[in-house]
Amino acid sequence: EDAKLNLKTIAADAPIVSKTPWTSLELTGDAAYSVASEQSRHLDGLEFSSDGTFSGSLSLGVLLYDFGRNNAAAEAASEDLIAAELNLVETGFLVFEEVAGAYFTVQEKSALLEVAITNEFEYAEHLRRARDLLDAGEAQMLDVTRARLDLSQAKELTVAASNNVT
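Section: the overall build of the chain
So, point 1. Scanning the chain from terminus to terminus reveals three helices and two strands.
So, point 2. Along the chain, helices and strands appear, N-terminal first, in the series α-β-β-α-α.
So, point 3. Buried positions account for 13% of the 166 residues belonging to the chain.
So, point 4. Counting only carbon and sulfur atoms, one obtains 58% of the accessible surface of the chain, whose full area is about 13200 Å².

Written as C-alpha cells, this is what we have:
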C-alpha cells in the first residue's frame with residue numbers, strides 16, 4: 001500500500017515540471033500609498049495638513065534560457081516516477097513470495113500431520129498384533145509394552161503436528 005501511495009504521489013507531481021524553458025512567465029505587481037503629515041502653526045491655533053503620495057510598479061519576466069534547470073527537474077521527476085514504479089513491482093514480488101512461502105509452509109505442515117496420523121494408525125495396528133500374539137503365546141509382555149510406548153509416542157507426535165498446523 002505504501003508503494004502504491006508513493007507512486008500516485010510522484011505521478012501526480014511529475015506532469016507539473018516541463019522540459020521547455022518557455023513555461024516560466026512571471027508577472028508581478030506592487031502598489032504603495034504613503035501619507036506625510038506636516039504641522040503648521042498659526043496664531044489662532046494649530047493646523048495640520050497632509051500630503052499623500054502613491055507609487056506603483058508592474059513587471060513582467062520571461063526566462064529566456066535556464067541553463068538546464070527545468071530539464072534537470074523534469075528528468076529528476078521522471079526518474080522518481082520510474083523508481084516508484086520499480087519499487088511497486090518489487091513490493092508485489094515480495095508479497096507474492098511471502099504468500100507463496102506461507103502457503104507451502106501450511107501444505108508442508110498439513111502433510112506432516114497426515115504422516116503423524118498414519119504413523120499413529122500403524123502403531124495402533126502394531127499394538128493389536130502384539131496383543132494377539134501375546135494371547136496366542138508367541139510374544140512376550142515386553143513386546144506389548146514396547147508397542148504401547150510406540151503408540152503413545154506416535155500420539156504425542158500427532159498432537160505436536162496438529163498444533164503446528166495453522
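Observations concerning the packing of aromatic side chains
So, point 1. The final tally for this structure, using the stated rule, is one aromatic pair.
So, point 2. Ring centres 5.2 Å apart and planes at 70 degrees place the aromatic pair Tyr-103 and Phe-104 in the edge-to-face group.
So, point 3. By relative accessible area, Tyr-103 is classed as partly exposed at 48%.

Some details on helix α3 (residues 141-164)
So, point 1. The end-to-end C-alpha separation of α3 is 35 Å, in line with the 34 Å expected for 24 residues at 1.5 Å each.
So, point 2. Of the residues making up α3, those classed as buried are Val-144, Ala-147, Asp-150, Leu-151, Ala-154, Thr-158 and Ala-161.

Points about the nonpolar core
So, point 1. Formed by Leu-127, Ala-130, Val-144, Ala-147 and Leu-151, the largest nonpolar core amounts to five residues.
So, point 2. At the level of elements, α2 (69-136) and α3 are the ones that each hand at least two residues to this core.
So, point 3. The element best represented in this core is α3, accounting for three residues.
So, point 4. With sequence-adjacent residues up to four places away left out, Leu-151 is seen in contact with Glu-120, Tyr-123, Ala-124 and Leu-127.

Observations concerning the side chain of Thr-158
So, point 1. Mapped onto the elements, Thr-158 comes out in helix α3.
So, point 2. The contact partners of Thr-158, leaving out residues within four places of it in the chain, are Leu-113, Ala-116, Ile-117 and Glu-120.

Things to note about the pattern of salt bridges
So, point 1. Counted according to the given criterion, the structure contains three salt bridges.
So, point 2. For Glu-125, the salt bridge is made with Arg-129, and the minimal N-O distance between the two is 3.9 Å. Taken together, the positions of Glu-125 and Arg-129, both in helix α2 and four residues apart, correspond to about one turn of that helix.

A closer look at the environment of Val-115
So, point 1. Inspection of the secondary structure puts Val-115 in helix α2.
So, point 2. Separated by 43 residues in sequence, Val-115 and Thr-158 have C-alpha atoms that sit 8.5 Å apart.

Let's talk about the confidence of the model for the chain
So, point 1. For the chain, per-residue confidence averages 78 on the pLDDT scale, and residues scoring 70 or more make up 63% of the total.
So, point 2. Within the chain, strand β1 (residues 25-42) has the poorest average pLDDT of any element, 59, and α3 the best, 94.
So, point 3. Counting interchain partners and residues more than four positions distant, the pLDDT-below-50 stretch residues 39-43 has seven contacts.

Conventions used here
Residues numbered from 1 in each chain as written. Predicted model: local features only at pLDDT ≥ 70, side-chain atom pairs only at ≥ 80, totals over all residues. Heavy atoms only, no water. Helix = DSSP H or I, 4+ residues; strand = E, 2+ residues; numbered from the N terminus. Buried < 20%, exposed > 50% of the residue type's maximum accessible area, 1.4 Å probe, protein only. Areas by Shrake-Rupley, 256 points an atom, 1.4 Å probe, with all protein chains shown as cover. Phe/Tyr/Trp six-rings, centres within 6.5 Å; stacked < 30°, edge-to-face > 60°. Expected span 1.5 Å × (residues − 1). Core = buried A, V, L, I, M, F, W, Y, C linked by side-chain atoms within 4.5 Å. Contact = heavy atoms within 4.5 Å. Salt bridge = Lys/Arg side-chain N within 4 Å of Asp/Glu carboxyl O. pLDDT = per-residue confidence, 0-100.

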